[in-house]
Amino acid sequence: MASSSTKTLLSLSLCLTLCALSQATYSGLILTLVNNCPYTIWPAIQPNAGHPVLERGGFALHTLTHRSFAAPTTHWSGRIWARTGCSYAHGKFSCATGDCGGRIECEGLGGATPATLAQFALHHGHADFSSYGVSLVDGFNIPLTVTPHEGKGQCPVVGCRAEILQTCPAVLQLRSHGGHGPVVGCKSGCEAFKTDELCCRNHFNSPQTCKGSSYSEFFKHACPATFTYAHDSPSLMHECSSPRELKIIFCH
């Protein structure tokens, strides 16, 4: 039988090991999703091709709660958005906005538009840059901001805090319950009218031919520090060197 002193040493060793493992989990960049909305949302995470799915791609986040997890330690890029108005009905899960094929865990699938997107490129360049921006190119469903902590260089808070659903033009409104319910999303001009010019497709798919429209200007006026059409200013994607945390705050 082990002596009491041996047990103490074993317990101390185990504690030190577990503490070291716990610290290692968050030794690099942390991503924190914060729900400041007065209702539950379902954040979704989609990696770009070739990058791993984080947190199984989605989960529920109750009002006034947050969820933190370690970002990959090597280069990763992708997007995060919130799904709203989600529910189970007749054994099926679905969301009024941002739905990813009727799943709670999106597992790499994209979301239905319109949706406010936070875009990221982590761990790149000579100074361990994390680039981030907020896009309304696919429309708007919920205010969100990205706040970096403890980074160096260009590390501003960016995003869209405006309640765009309240001012969304009628031609861009997405309404729940088959179009008869409240406004739950504000479509882009591309989604509303599906023209090559507004979608920056085919002949219009270049910085020279893809231009802003009255619809993208509506979004730009409400939230100047966001992308509002496909070839919008690249300077809106900020580079922050070695941040400790990137906080994505919904309804900020």
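All of these numbers come straight from a predicted model, not from anything done at the bench. (Residues numbered from 1 in each chain as written. Predicted model: local features only at pLDDT ≥ 70, side-chain atom pairs only at ≥ 80, totals over all residues. Heavy atoms only, no water.)

## Topic: the pairing of strand 4 (residues 76-83)
Okay, step 1: Of all 8 residues that make up strand 4, 7 are buried, and the element is covered over most of its length.
Okay, step 2: For strand 2 (residues 42-47) and strand 4, the ladder comprises 6 bridges, and the chain directions are antiparallel. Opposite Pro43, over in strand 4, you have Ala82 as the bridge partner.
Okay, step 3: Pairing analysis gives 5 bridges linking strand 4 to strand 7 (residues 117-124), with the strands arranged antiparallel. (Buried < 20%, exposed > 50% of the residue type's maximum accessible area, 1.4 Å probe, protein only. Helix = DSSP H or I, 4+ residues; strand = E, 2+ residues; numbered from the N terminus. Pairing = 2+ DSSP bridges.)

## Digging into the confidence of the model for the protein
Okay, step 1: Mean pLDDT for the protein: 91, with 89% of residues reaching 70 or above.
Okay, step 2: Ignoring residues within four places in sequence, the model shows residues 4-25, a span with pLDDT below 50, making 2 contacts including any to other chains. (pLDDT = per-residue confidence, 0-100. Contact = heavy atoms within 4.5 Å.)

## Focus on the sheet that holds strand 7
Okay, step 1: Ordered in space as 2-4-7-8-14-10, the 6 strands form an open sheet in which the pairing is antiparallel. Since the sheet does not close on itself, it has two edges, and those belong to strand 2 and strand 10 (152-153), each with one partner.

## A closer look at the packing of aromatic side chains
Okay, step 1: Counted according to the given criterion, the structure contains 4 aromatic pairs.
Okay, step 2: Judged by centre distance (5.1 Å) and plane angle (35°), the rings of Phe193 and Tyr215 are tilted. In this pair, Phe193 is assigned in helix 3 (residues 189-193) and Tyr215 in helix 5 (residues 214-222), connecting sequence segments 22 residues apart.
Okay, step 3: Taking relative accessible area as the criterion, Phe193 reaches 37% and is therefore assigned partly exposed.
Okay, step 4: Through a chain of ring-to-ring contacts, the aromatic side chains of Trp42, Tyr88 and Phe93 assemble into a single cluster.
Okay, step 5: Over the ring of Phe59 we find Arg67, and its NZ or CZ is 4.0 Å from the ring centre. (Phe/Tyr/Trp six-rings, centres within 6.5 Å; stacked < 30°, edge-to-face > 60°. Lys NZ or Arg CZ within 6 Å of the ring centre and 35° of its normal.)

## Overview of the sheet that holds strand 9 (residues 144-149)
Okay, step 1: The 5 strands lie next to each other as 3-1-15-9-11, forming an open sheet whose pairing is mixed. Whereas interior strands pair on both sides, the edge strands pair on one side only; in this sheet they are strand 3 (65-70) and strand 11 (158-160). On average, each strand axis in the sheet is inclined to that of its neighbour by 15°, with strand direction left out of account. (Axes fitted to C-alpha atoms, helices over the stretch in contact; angles between N-to-C directions.)

## Focus: the nonpolar core
Okay, step 1: Counting 28 residues, the largest nonpolar core has Leu33, Phe120, Val146, Leu246, Ile248 and Phe250 as its most contacted members.
Okay, step 2: At the level of secondary structure, the elements contributing two or more residues to this core comprise strand 1 (30-35), strand 4, strand 7, strand 8 (129-135), strand 9 and strand 15 (245-250).
Okay, step 3: The residues contacting Phe120, other than those within four sequence positions of it, are Trp76, Ser77, Gly78, Ile80, Ser131, Tyr132, Val146, Met237, Leu246 and Ile248.
Okay, step 4: In terms of nonpolar packing, the next biggest core, distinct from the first, is built from 10 residues, Leu136, Cys168, Leu172 and Cys223 among them. (Core = buried A, V, L, I, M, F, W, Y, C linked by side-chain atoms within 4.5 Å.)

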